[in-house]
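Survey of secondary and tertiary structure
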Amino acid sequence: MAIDFLYPEFEVVRDKDKCIGCRVCERQCANEVHSYDEDLDCMVADNAKCVCCHRCVALCPTRALKIVKTNHTFRENANWKGEHISEIYRQAGTGGVLLSSMGNPKDYPIYWDKMLINASQVTNPSIDPLREPMETRVFLGAKPEKVEFNSRGEIKNNLTPQLKLDIPIMFSAMSYGSISYNAHESLARAAEELGTYYNTGEGGLHKDFYKYGPHTIVQVASGRFGVHKDYLNAGAAIEIKMGQGAKPGIGGHLPGIKVGDDISKTRMIPEGSDAISPAPHHDIYSIEDLRQLVYSLKEASDYKKPIIVKIAAVHNVAAIASGIARGGADIIAIDGYRGGTGAAPTRIRDNVGIPIELALASVDQRLREEGIRNKVSIVVGGSIRSSADIVKAIALGADAVYIGTSALLALGCHLCRSCQQGRCNWGIATQREDLVRRLNPDIGYKRLVNLLTAWNHEIKEIMGGMGINSIESLRGNRLMLRGIGLTEKELQILGIKHAGE
Amino acid sequence: MKRIYVDEKWCLGCHLCEYNCAFANSGKDDMSKALKNVKINPRIQIEEKDGISFAVSCRHCEEPLCVKGCITGALSVVDGVIEIDKDKCVGCYTCIMSCPYGAIMPSDDGVVQKCELCLKNSHGKPACVEGCPNRAIIFEEKE
């Protein structure tokens, strides 16, 4: 046997006084960490297999378990951190590209945490959302240039299709395949109850979910999986996915093992075949090409549905967004570099793209300068972690936000970042029947509804504090933000003043 | 009347219900204290085969064969709940033989035991239902 250079990252700590040997941990761990040792008459753990997903910890009836990060160490080195060394060992052993999932976990600046929100004092009254009406409803889509009248002096309806959101939060694209049937059902039912939308991702729409169509955004990505006329017309809007924050410039790959009967039918590909999404759309090499696809989709849906174009936040994002707005899109979705994924090359996830806060500020600024901000709505995603992040995003110029990771966390995800292994113990990022069953949508959808209801209360509370009673009045209201600990350049890009100014 | 129902679609076969049952009927206030080094003998039991599992406990039948068969009158129906009077039970096991669900079993104290919906123990409401992580066991009124 070859030498194993890697020491387990986590250690399972079991309180032997509390453990009653019920073996729930053993039955619930798809990574097969726990087992019962007959000779020792106690539970034992293989730490090397633990991914720190906390399934065993959460289900242990006596709270006898916890997972700790190992304090086993390499000789300290500020340059060659343990992570670098371990990854080299891993690649030297396999010759493969490192894979990981969910969002970029590296210690880059988080601009949300460097912005502070204003509140009213003395000179303008704050509003109590429990006593006075407070509007968080938004409409996404192009807004007309001007009010037009017909010959009889009546207002002409020159409004293009709009998406009506009761709360400024949507569930971002996660395909059936990358996440389970039950996770999708939870999202769909929650979107319906909340008066917002979930997004099919690129994997097509399962036949059972057509009934949630009015609360569905259907996606068309480079692989064109599951795209047909009924699919395009099933949703409330169509999203063209050009890129994704977790892996800008990279396509997708759903391994054949996950393409079972149901997924094969939904994606319209043979069972067991790898579902490979090319990195680019092979018919889009310019804004003009994109415009053709935008209008093809508008034709196919009889101009009744807004078209969203989703891009990853990259260096030149403002100019690209301008092109997209001119290309006929109704909504631009921008995904920051912290955005999640079911699998991405680690190096791409951790090193490509830019923060969503900066991308949003520069896109909004650019579109306003060009006088085309009304032509598109802006939706941002890529690590919206709380209602405060949402308020800040809207003040920076967003119309609404997409949440993916937060939604999965509500469903039980513990960010162990092992989705690519397909053994999600929480029944989310897996297609294994026994694991999918662990996510009961009756429970899942309620948790999503709870989360967004709570966030909506908080958004109203924060707006009330600022003396603002409608989310429309907050949008692009950058005077409500102040930077803290930011450089001149950062403040300039964000278009905000420093605290104290 | 409210009864315990199980849905095999959501049962994970984790067996937590068995342990919650054993704890609720142990009379102790701490699970580790109650069940450490104990081979549990729960009133609810998981049946599993070929990837399908579900929990089985007393159905509280409207026409219970166990009550009919009981030779000492230890089993009786009180407000729809089939209860056992352990003082009257002589351990003849007729009820065990007659229960079509296998939901009555010998108890550790010599006589028989069955699910009494946790009405008589310190828990007060079905512990298996409350502890089920995936809502596979529910306690509700159904026609």
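Rules and cut-offs
- Residues numbered from 1 in each chain as written.
- Chains lettered and ligands numbered in written order.
- Predicted model: local features only at pLDDT ≥ 70, side-chain atom pairs only at ≥ 80, totals over all residues.
- Helix = DSSP H or I, 4+ residues; strand = E, 2+ residues; numbered from the N terminus.
- Rg over C-alpha atoms; globule rule 2.2 N^0.38 Å.
- Buried ≥ 20, exposed ≤ 12 C-beta atoms within 10 Å, placed from the backbone.
- Contact = placed C-beta atoms within 7 Å.
- Pairing = 2+ DSSP bridges.
- Domains from an automatic or database assignment.
- Nonpolar A, V, L, I, M, F, W, Y, C, P; charged D, E, K, R; others polar.
- Axes fitted to C-alpha atoms, helices over the stretch in contact; angles between N-to-C directions.
- Core = buried A, V, L, I, M, F, W, Y, C linked by C-beta atoms within 7 Å.
- Expected span 1.5 Å × (residues − 1).
- Parallel < 35°, antiparallel > 145°, perpendicular 65-115°, else oblique.
- Left-handed = near helix turned anticlockwise from the far one by under 90°.

This part is about the overall build of chain B. For chain B, the count of helices and strands is five helices and eight strands. Listing every helix and strand of chain B by position from the N terminus yields β-α-α-β-β-α-β-β-α-β-β-α-β. For 143 residues, the compact-globule formula gives about 15 Å, and the C-alpha radius of gyration of chain B, at 15 Å, lands near that figure. Along the three orthogonal principal directions, the C-alpha set of chain B runs to about 40 × 40 × 30 Å. Within chain B, the proportion of its 143 residues that are buried is 36%. Partitioning the intrachain contacts of chain B with sequence separation of at least 6 by distance along the chain shows that 56% fall at a separation of at least 24.

This part covers the overall build of chain A. Within chain A, the secondary structure is distributed over 16 helices and 21 strands. The C-alpha radius of gyration computed for chain A amounts to 24 Å, which stays within 12% of the reference 23 Å derived for 501 residues, consistent with globular compactness. Projected onto its principal axes, the C-alpha positions of chain A cover 90 × 60 × 45 Å. Taking all 501 residues of chain A together, 50% fall into the buried category. Within chain A, counting contacts between residues at least 6 apart in sequence, those at least 24 apart form 68% of the total.

In this section: the sheet that holds strand β6 (residues 115–117) of chain A. An order of β6-β20-β21 (chain A) is seen for the three strands of this open sheet, with the pairing classed as mixed. Only two strands of the sheet have a single neighbouring strand rather than two, namely β6 and β21 (497–498) of chain A.

Residues and elements named next belong to chain A. With respect to the helices and strands, H184 occurs in helix α4 (residues 181–194). Measuring from C-alpha to C-alpha, the distance between H184 and P441 comes to 8.6 Å, with 257 residues separating the pair along the chain. With residues near it in sequence (within four places) discarded, H184 still touches Y176, I179, H206 and F209.

Next up on the list: the domain arrangement of chain A. Residues and elements named next belong to chain A. When its domains are assigned, chain A resolves into domain 1 (10–96) and domain 2 (171–474). Counting from both sides, the interface comprises nine residues of domain 1 and, opposite them, seven residues of domain 2. The residue makeup of the side of domain 1 that touches domain 2, split by class, is five nonpolar, three polar and one charged.

Once that is clear, we can look at the interface of chain A and chain B. Tallying the contact residues gives 16 residues for chain A and 16 residues for chain B. For the side of chain A that touches chain B, the leading source of residues is helix α1 (residues 24–28) of chain A, giving three residues. Across the side of chain A that touches chain B, the residue classes break down as six nonpolar, three polar and seven charged.

Take unusual backbone geometry next. Residues and elements named next belong to chain A. Even without being glycine, D41 reaches a positive phi, approximately 55°. Structurally, D41 is set in the loop between β2 (34–37) and β3 (42–45). Of the residues examined, D41 has 9 C-beta atoms within 10 Å and is grouped as exposed.

For the rest of this paragraph, the subject is the sheet that holds strand β15 (residues 307–312) of chain A. All names here are of chain A. Judged by pairing direction, the sheet is parallel, and its eight strands sit side by side in the order β9-β19-β18-β16-β15-β12-β11-β10 without closing on themselves. Edge strands, defined here as strands with exactly one partner in the open sheet, are β9 (169–171) and β10 (198–199). Judged from the two bridges that link them, strand β18 (residues 377–381) and strand β19 (residues 400–403) form a sheet pairing that is parallel. In the sheet register, V379 faces β19, and the bridge partner there is A400. Helix α10 (residues 356–369) contacts β16 (331–335) and β18 of the sheet and is inclined by roughly 170° relative to β18.

Let's shift gears to the nonpolar core. Residue and element names in this part refer to chain A. If you look at the biggest cluster of nonpolar residues, it comprises 185 residues, and the most contacted ones within it are I332, I334, L360, V379 and V401. Sorting elements by how many residues they give to this core places helix α14 (residues 441–466) first, with nine residues. When neighbours within four sequence positions are excluded, I334 is seen to be in contact with I311, A313, V317, I356, A359, L360, V363, I378 and V380.

Another aspect to go through is the domain arrangement of chain B. All names here are of chain B. Along its sequence, chain B is carved into domain 1 (1–57 + 118–143) and domain 2 (60–114). Once you take the C-alpha centre of each, domain 1 and domain 2 turn out to be 19 Å apart. Taken together, the contacts link seven residues of domain 1 with nine residues of domain 2.

Attention now goes to α4 of chain A. Residues and elements named next belong to chain A. The end-to-end C-alpha distance of α4 is 20 Å, a good match for the 20 Å that 14 residues give at a rise of 1.5 Å each. Of all 14 residues that make up α4, 12 are buried, and the element is covered over most of its length. For α4, every residue scored as buried is listed here: Y181, N182, A183, H184, E185, S186, L187, A188, R189, A190, A191 and L194. Backbone geometry just downstream of α4 places G195 in the positive-phi region, at approximately 75°.

Turning our eyes to something else, we now look at α14 of chain A. The end-to-end C-alpha distance of α14 of chain A is 37 Å, a good match for the 38 Å that 26 residues give at a rise of 1.5 Å each. Of the residues trailing α14 of chain A, G467 of chain A is marked for its positive phi of about 80°.

Residues and elements named next belong to chain A. Two elements in contact, helix α11 (residues 387–396) and α14, have axes whose closest approach is 9 Å; the angle formed by their N-to-C orientations is 55°. If you check the angle between α11 and α14, you find them oblique. The interaxial crossing formed by α11 with α14 has right-handed handedness. Every residue of α14 that contacts α11 at S387, A388, I390 and V391 is listed here: W455, E458, I459 and I462. Its residues placed into classes, the contact of α11 with α14 shows six nonpolar, one polar and one charged.

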